[in-house]
Amino acid sequence: MHGLGIGKLVAPGALALAVALQGSALAAPPIDQQVHAQATQATPMVLSLLEKLVNIDSGTANERGLDAVGAIVADEARKLGMTVTLSPALAPAVGKNVVATLAGTGSAKILLMTHMDTVFAEGTAAARPFRVEGDRAYGPGVMDDKGGIVLALQAIRILQQTQFNSFGKITLLVNTNEETFSKGSRGLIESLARQHDVVLSMEPGRAADGLVVWRKGSADLLIDVKGKSAHAGVAPEAGRNAAMEAAHQMLQMSKLGDPAKSTTVNFTVIKGGERPNVIPDAARVQGDMRATQSAEFERVEKEMARIATNKLIPDTEVKTSLVQGMAPMPVNPRTDALAGRAQAIYGELGMKLTLERSGGAADANYTAAQGVATIDGLGIVGGGIHTESEYAEIKSIAPRLYLLVRMVKELSSQR
């Protein structure tokens with residue numbers, strides 16, 4: 001997952017949808033005792049597999065580690081009777097995506113979406129191996145997203161333990177390169193999404209025990225400046241300072257965000273010059289843009305080109321570009337319906353799900369853009385994402401398993 005920027009969001013119509021789907025928001029149906037019993041007993045098994053996965057370094061560029069994690073996941077899926085396909089990620093990504101499918105007797109097609117890559121470097125697992133302290137489990141990727149992988153596998157196991165197979169098919173996707181915007185798996189993700197009725201994304205649950213119903217889209221921004229080198233002490237006037245011009249352009253374009261539309265523009269990387277006594281002849285600025293509306297990307301791209309003509313240093317050449325990454329996952333009726341259903345199910349446990357929004361983009365952006373009903377944040381609850389203190393709340397395992405299994409059952413019964 002790429003950054004959080006979380007804020008709570010009340011999904012429009014979610015309560016009404018929950019009422020329509022469940023009969024009454026105030027009179028929740030009784031607990032599914034079979035599912036509840038299996039979910040409450042599953043924590044030791046979940047932690048055991050989670051420890052194996054966390055103790056393998058699987059950064060996005062670590063092909064050996066990714067394949068090691070993928071092999072364990074594929075083996076676990078086969079033990080559950082799933083048909084497993086390994087789909088190599090496209091360059092520059094590495095590793096093999098795991099696609100595991102289980103056929104049922106019904107018609108509903110449900111995609112469980114996870115990823116095996118982390119943001120952590122080689123050696124992190126050895127330096128900070130999986131550990132349990134109190135009610136929390138720690139380790140690289142423990143919540144993002146190895147916790148999601150393990151919950152998805154365990155949910156399928158519980159469906160089998162309770163002899164439920166009224167779905168059409170369940171597909172588990174374990175992606176190798178989500179942390180770099182799934183550039184090597186986007187086609188696979190979009191293709192699988194179109195083959196399913198609903199996508200349940202297993203990104204981490206939010207600290208307030210929430211789901212994600214809305215995500216911003218993302219884009220990479222680039223400013224390239226060409227100047228002229230000269231001796232900084234002897235003849236600086238003969239040069240054209242590309243670094244100064246890049247700084248000027250960055251400051252101008254930093255104002256392109258629009259708080260009213262939740263559009264953010266942040267320049268994050270600056271490169272220019274090689275020696276302190278030489279006027280730099282080239283400079284590059286990279287930036288990050290997030291937006292909830294697709295039209296905002298076109299606006300910012302056009303405005304960058306226009307603003308670039310206002311130069312500080314004469315005779316420099318300025319080129320700008322915007323490369324869109326993930327489309328926004330906007331508020332929409334399909335996600336609202338899933339959110340309402342999920343809240344009603346959690347209500348069976350006497351618990352409350354918050355519905356939240358995120359400035360971070362994830363694979364759910366891709367599936368939602370295909371017009372497929374998608375909800376995100378169904379994974380293990382935790383915090384400290386992408387940091388040395390990343391943790392998973394052990395007490396969230398049982399209720400999150402209950403939620404996921406019941407979601408599959410409910411979605412299967414509606415087809």
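As the structure is a computational prediction, the values presented were derived from the model and not from experiment.

J.: Would you take a moment to explain the overall build of the protein for this structure?
T.: Within the protein, the regular secondary structure consists of twelve helices and 19 strands. Computed over its C-alpha atoms, the radius of gyration of the protein comes to 24 Å, within 12% of the 22 Å expected for a compact globule of 415 residues. Principal-axis analysis of the C-alpha atoms gives the protein an extent of 80 × 45 × 40 Å. Scored against the burial criterion, the 415 residues of the protein give a buried share of 55%. In the protein, 81% of the contacts between residues at least 6 apart in sequence involve partners at least 24 apart. Of the accessible surface of the protein, which amounts to about 17,000 Å², a share of 54% is contributed by carbon and sulfur atoms. Taken together, the 42 basic and 42 acidic charged side chains of the protein have centroids lying 3 Å from each other.

J.: What should I look at first to understand the packing of helix α2 (residues 33-41) against helix α12 (residues 397-413) in this one?
T.: Relative placement of two packed helices is described by the angle separating their axes and the distance separating the axes. Where α2 meets α12, the closest approach of the two axes is 8 Å, and the angle between their N-to-C directions is 145°. Crossing of α2 over α12 shows right-handed handedness. The residues of α12 that touch α2, namely those facing V35, H36, A39 and T40, are A398, L401, Y402, V405, R406 and K409. Tallied by class, residues from the contact of α2 with α12 come to six nonpolar, two polar and two charged.

J.: What's the story with the sheet that holds strand β19 (residues 391-393) in this structure? I'm lost.
T.: The strands making up a sheet associate through hydrogen bonds between their backbones, and the pairing can be parallel or antiparallel. Spatial ordering of the open sheet is given by β5-β6-β19-β18, a layout of four strands whose pairing is antiparallel. The open sheet has two edge strands, β5 (131-133) and β18 (382-383), and neither has a second partner.

J.: Teacher, can you tell me more about the confidence of the model for the protein here?
T.: One rule of thumb: low pLDDT means the predicted coordinates there are not for detailed reading. Mean pLDDT for the protein: 93, with 93% of residues reaching 70 or above. In the model, residues 3-26 has pLDDT below 50 throughout and makes 49 contacts with residues more than four positions away in sequence or in other chains.

J.: Could you clarify how one ought to interpret the nonpolar core in this entry?
T.: Most often, soluble globular proteins have nonpolar side chains that are buried together. Core analysis: the biggest nonpolar cluster contains 71 residues, and L112, L200 and L401 have the highest contact counts within it. Setting aside residues no more than four positions away along its own chain, L401 makes contact with A39, A42, V46, L151, Q154, A155 and I158. Of all hydrophobic cores here, the second largest spans 22 residues; its members include A246, F267, A291 and I307.

J.: What am I meant to see in the pattern of salt bridges here?
T.: The full count for this structure, using the stated rule, is 23 salt bridges. Across the pair R131 and E133 runs a salt bridge, and its minimum N-O distance is 2.7 Å. Its relative accessible area of 35% is what places R131 among the partly exposed residues. Taking the relative accessible area as the measure of exposure, E133 reaches 44% and is therefore partly exposed. Here the residues in one salt-bridge network are D75, E76, K79 and R157, joined through shared partners.

J.: Would you mind going over the packing of aromatic side chains with me for this structure?
T.: To describe a pair of aromatic rings, one takes the distance between the centres and the angle between the planes. With the rule as written, the count across this model stands at two aromatic pairs. Both rings, one in Y138 and one in Y391, keep their centres 6.1 Å apart while their planes meet at 50°; by these two values the pair is tilted. Of this pair, Y138 sits in strand β6 (residues 136-138) while Y391 sits in strand β19, and the two are 253 residues apart along the sequence. Residue classification places Y138 among the buried residues on the basis of a relative accessible area of 14%. Overall, Y391 belongs to the buried group, its relative accessible area being 14%. Seen from their ring centres, F164 and F167 are 6.3 Å apart, and the 45° between their planes marks the pair as tilted. A residue is classified by how much of its surface remains accessible, and F164, at 15% relative accessible area, is buried. Given a relative accessible area of 2%, F167 falls into the buried group. Looking at R131, its charged tip hangs above the ring of Y138, at a distance of 4.4 Å from the centre. If you follow R357 out to its NZ or CZ, it ends over the ring of W214, 5.8 Å from the centre.

Cut-off values and rules
- Residues numbered from 1 in each chain as written.
- Predicted model: local features only at pLDDT ≥ 70, side-chain atom pairs only at ≥ 80, totals over all residues.
- Heavy atoms only, no water.
- Helix = DSSP H or I, 4+ residues; strand = E, 2+ residues; numbered from the N terminus.
- Rg over C-alpha atoms; globule rule 2.2 N^0.38 Å.
- Buried < 20%, exposed > 50% of the residue type's maximum accessible area, 1.4 Å probe, protein only.
- Contact = heavy atoms within 4.5 Å.
- Areas by Shrake-Rupley, 256 points an atom, 1.4 Å probe, with all protein chains shown as cover.
- Lys, Arg positive; Asp, Glu negative; His and termini not counted.
- Charge placed at Lys NZ, Arg CZ, Asp CG, Glu CD.
- Axes fitted to C-alpha atoms, helices over the stretch in contact; angles between N-to-C directions.
- Left-handed = near helix turned anticlockwise from the far one by under 90°.
- Nonpolar A, V, L, I, M, F, W, Y, C, P; charged D, E, K, R; others polar.
- Pairing = 2+ DSSP bridges.
- pLDDT = per-residue confidence, 0-100.
- Core = buried A, V, L, I, M, F, W, Y, C linked by side-chain atoms within 4.5 Å.
- Salt bridge = Lys/Arg side-chain N within 4 Å of Asp/Glu carboxyl O.
- Phe/Tyr/Trp six-rings, centres within 6.5 Å; stacked < 30°, edge-to-face > 60°.
- Lys NZ or Arg CZ within 6 Å of the ring centre and 35° of its normal.

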